[in-house]
Structure formats: structure tokens, C-alpha cells
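Report on the structure
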Amino acid sequence: MTTIEGNLQQVRERVARACAAAGRDVKTVTLLAVSKTFGPDDVAAAVAAGQRAFGENYIQEGVEKVLAMRALLPGQTLEWHCIGPVQSNKTRLVATHFDWVHSVDRLKIAQRLSEQRPEDRAPLQVCLQVNVDGGANKSGVAPDELPALAHAVAALPRLRLRGLMCIPEPSEDPMVQRSAFRQVRGLQQGLVDQGLSLDVLSMGMSDDLEPAVAEGSTMVRVGRAIFGHRPRKEPVTASAAGSA
Ligand SMILES: *Cc1c(COP(=O)(O)O)cnc(C)c1O
């Protein structure tokens, strides 16, 4: 068994235990393997272990991996989720190459994604990222601006609004973690009560998937617990390596 296969098995068991503790059917939670900074061979090892849905943060890197995997495993249908910040100049890459985007927090970005989604592809599946624990420079729409954004995005023709995503501040206290997730679930319920049909809560990562599942997460985004610690992102430059 490869390390990645063993890790995946452990993460699936964690999800199953969290579901059992919450009285939920394990089939209601999708595991997204976050492969950012890892190469095609690691993705292929996860595919061999039965994983089909992958998340990427950095758009250029993600697109390269989508294309590399198509060449490496032709005929294998994988599902690609963009979970990182989307700048205006990257919307076409996202609309062209990804199946999902979890990190929409501005209408302008959503409009561009809708306009640029190729006609021969299914609508782009979208979650809105919500900033629940403040921090003015954090990504995500503020809760009081969420309803207007959600209704506007739901009306865009080439997008399909599915739900909400959040990345709460890490906390040692499981009750603090749960309260952020509970707040997002409450915001989602508010939108459903206003007539939007939403079925996805993208919440929980390697360190906090249990409290997220306890609060209703339907999609956990797990990187390190599957692939191991991330290699450094920045290439070592000649000047940095050479200076003593
Ligand atoms: C990196 C990342 C993850 C995965 O985090 P891990 O702690 O490695 O599980 C999940 N969601 C987003 C948005 C990320 O950037």
C-alpha cells in the first residue's frame, strides 16, 4: 500500500467516524483531496486509491495539473475544484478548466466566470466563500452582504450556485471551531428559506474536519492528511541558494 493510499484510508475513516457521531450517512460527505504543491504522480497515487475529486489553490498550477493528469490517465474522469482566490485576470482559466469553484466572493468575478464558461461544458458549480470571523483583509463575503451576492450569482446563466465555503481561523477549542461552522450553516439555511436551492457546505480541512462534519459539512477539503506536509511553494532562487 502506498503512503497516500494509507492516508486516504485513514481520512475516510475519520470522516466515517465523524458522520457516525453526528448520526449522518457517510454518503452525505464528499472528500476533496487538496493536491496543491503536489505533482501528478501523487495525484495518480490518490486516483489509484479510488479518489476522484481534487482541489487546487493556485490557478496556474491547477490548470497545468488538470492537463498533465489528462495526458497521464487518459479516459479517467476526474473532478477539479478551484478553492483559492480568483483574480479577474484568471477567470477564463477557471471557467475553462475547472468543474467547481469554491472561492467566489464578488459579483464581478462571478459575472466573468459565467460569461467565460464554454458552451460545451456543464455549468460551473459555485460556492460562495464567507468570511465569518472578521479580518477585513481576509477573503470572503461579509455575512451581511451575502444574501444580495447569493441572489445575483444564482441568476447567472452559466453558473450553478450550490452553497457556501468557509475557512475559519484555527482554534484549539473545538467549541470555537464549531461555532464558526454553525454560523455558516445558519447563513446557508437563511438563503434556503429565501428560496435558493443550495445543497453544499464546503467546510473542514485536515485539522478541523470533525467539527465541520458535526455542523453539517457536505464537502471536506483535505490536503496534508492525505499528501503529507507540503513542499515549500517557492522555488529556491539562484541568489538565495548562492548567498552564504
Ligand atoms: C490548503 C487548503 C486546504 C487543505 O488544507 P490542509 O490543512 O492541508 O488539509 C483546504 N482548503 C483551502 C481553501 C486550502 O487553501
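Residue positions are counted from 1 within each chain, in the order its sequence is given. pLDDT decides what is reported in this predicted model: residues at 70 or higher carry local features, side-chain atom pairs at 80 or more are listed and counted, and totals for whole chains, interfaces and linings draw on all residues regardless. Note that the side-chain values use all heavy atoms of the structure and ignore hydrogens as well as water.

**Things to note about the overall build of the protein**
Strands are runs of DSSP state E lasting at least two residues, helices are runs of H or I lasting at least four, and both sets are numbered from the N terminus onward. Counting secondary structure elements, the protein contains ten helices and eight strands. Radius of gyration: over C-alpha atoms. The globule rule applied is 2.2 Å multiplied by the number of residues raised to the 0.38 power. In summary, the protein has a C-alpha radius of gyration of 18 Å against a globular reference of 18 Å for 244 residues, a match within 12%. The dimensions of the protein, computed from C-alpha atoms along their principal axes, are 55 × 45 × 45 Å. Relative accessibility thresholds used throughout: buried, under 20% of the residue-type maximum; exposed, over 50%; partly exposed, between the two (1.4 Å probe, protein chains only). By residue count, 48% of the 244 residues in the protein fall in the buried class. Residue pairs in contact within the protein that sit at least 24 positions apart in sequence constitute 62% of those at least 6 positions apart. Per-residue and other accessible areas were derived by the Shrake-Rupley procedure at a 1.4 Å probe size, with only the shown protein chains allowed to occlude residues. Approximately 11,800 Å² of the protein is accessible, and the part contributed by carbon and sulfur atoms is 52%. Considering the protein, the positive charge centre built from 28 side chains and the negative charge centre built from 27 side chains are found 3 Å apart. Residue contacts follow a heavy-atom distance rule, with two residues in contact if any of their heavy atoms lie within 4.5 Å. When charges are counted, Lys and Arg contribute as positive and Asp and Glu as negative, whereas His and the chain ends are disregarded. A single reference atom marks each charge: NZ on Lys, CZ on Arg, CG on Asp, CD on Glu.

**Things to note about the packing of aromatic side chains**
Aromatic pairs are defined between Phe, Tyr and Trp rings, using the six-membered ring for Trp, whenever the two ring centres lie within 6.5 Å; interplanar angles under 30 degrees are classed as stacked, those over 60 as edge-to-face, and all others as tilted. Enumeration over the complete set of coordinates arrives at two aromatic pairs. Here Phe-38 and Phe-227 contribute two aromatic rings whose centre-to-centre distance is 5.2 Å and whose plane-to-plane angle is 25°, an arrangement assigned as stacked. Of this pair, Phe-38 sits in the loop between strand E1 (30–34) and helix H2 (40–48) while Phe-227 sits in helix H9 (residues 224–227), and the two are 189 residues apart along the sequence. For the pair shown, Phe-38 and Phe-227 are each scored as buried.

**A short note on the pairing of strand E4 (residues 100–104)**
Burial runs high along E4: five of the five residues are buried. Strands pair, by our definition, only if DSSP identifies at least two bridges between them. Where strand E3 (residues 79–82) meets E4, two bridges bridge the pair, whose relative direction is parallel. Each residue of the ladder has a partner; that of Cys-82, found in E4, is Val-101. When the strands point away from the viewer, a crossover counts as right-handed if the route from the first strand across the helix to the second turns clockwise. The β-α-β motif built from E3, the intervening helix H4 (residues 91–97) and the parallel element E4 has right-handed crossover chirality.

**A closer look at the nonpolar core**
For the purposes of this section, nonpolar cores are sets of buried Ala, Val, Leu, Ile, Met, Phe, Trp, Tyr and Cys residues that join through side-chain atoms within 4.5 Å. In this structure, Phe-54, Val-101, Leu-113, Val-126, Leu-128 and Ile-226 are the most contacted members of the largest nonpolar core, which totals 63 residues. By residue number, the principal contributor to this core is helix H1 (residues 3–22), which donates six residues. Apart from residues lying up to four places away in sequence, Leu-128 is in contact with His-102, Val-104, Leu-146, Leu-149, Ala-150, Val-153, Leu-161, Gly-163, Leu-164 and Met-165. One finds Trp-100, Cys-127, Val-200 and Met-219 within the second-largest nonpolar core, a separate group that totals five residues.

**A few points about unusual backbone geometry**
For Thr-37, which is not glycine, the phi dihedral falls at a positive 70°. Relative to the assigned elements, Thr-37 resides in the loop between E1 and H2.

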